[in-house]
Amino acid sequence: MTALRLYHAKTFGARLLGLHAYPRLPEATGLCIAPCVGVHTFFLGYAIDVVFFDSGQRVLKTFHDLKPYRLVHCGAADFAVELPAGYCAANPGYARAIRSALAKDQVAGSSVG
């Protein structure tokens, strides 16, 4: 499995734009949105996977192949990671891959929130 790379949406504007700020995500790339309890795919031209985490980086909910013009929510979530549709199904260790990408970012001086 290729190492996962995460972009980060930390400001209000970046969270509001979400994936609309990026071209279609490459296979092993995702967007971490913090803080985040809900994700929408309005006006997004493709499906995505969405994983909600708590502050301890435990998976709370995973949505596979979320089609455009949908809304998902997880009230207990601290942050969410958006991934290309099919990433989670193709990578059973997706939660571990996300945690690893987050740890690398923290070592490099970047934080999730």
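Rules and cut-offs
- Residues numbered from 1 in each chain as written.
- Predicted model: local features only at pLDDT ≥ 70, side-chain atom pairs only at ≥ 80, totals over all residues.
- Heavy atoms only, no water.
- Helix = DSSP H or I, 4+ residues; strand = E, 2+ residues; numbered from the N terminus.
- Contact = heavy atoms within 4.5 Å.
- Salt bridge = Lys/Arg side-chain N within 4 Å of Asp/Glu carboxyl O.
- Buried < 20%, exposed > 50% of the residue type's maximum accessible area, 1.4 Å probe, protein only.
- Phe/Tyr/Trp six-rings, centres within 6.5 Å; stacked < 30°, edge-to-face > 60°.

1. So, the environment of F42
Moving on, step 1. Tracing the backbone through its elements, the reader meets F42 in the loop between strand 3 (38-40) and strand 4 (48-53).
Moving on, step 2. Taking the C-alpha atoms as reference points, F42 and A76, 34 residues apart in sequence, are found 22 Å from one another.
Moving on, step 3. Every residue in contact with F42, bar those within four places of it in the chain, is listed here: H20, Y69 and R70.

2. With respect to the pattern of salt bridges
Moving on, step 1. A complete count under the given rule lists 2 salt bridges for this structure.
Moving on, step 2. For the salt bridge of R58 with D54, the shortest nitrogen-to-oxygen distance reads 3.0 Å.
Moving on, step 3. Judged by relative accessible area, R58 falls into the exposed class, the value being 53%.
Moving on, step 4. For D54, a relative accessible area of 11% corresponds to the buried category.
Moving on, step 5. Salt-bridge contacts for K67 lead to D65; the nearest nitrogen and oxygen are separated by 2.4 Å.

3. Notes on the packing of aromatic side chains
Moving on, step 1. Enumeration over the complete set of coordinates arrives at 4 aromatic pairs.
Moving on, step 2. With centroids separated by 5.5 Å and ring planes inclined at 70°, the aromatic side chains of F43 and Y69 adopt a geometry described as edge-to-face. Remark: Y69 occurs in the loop between strand 5 (59-66) and strand 6 (71-73) and F43 occurs in the loop between strand 3 and strand 4; sequence separation between them is 26 residues.
Moving on, step 3. With relative accessibility at 66%, the residue F43 sits in the exposed group.

Nothing here speaks to function; it is all geometry.
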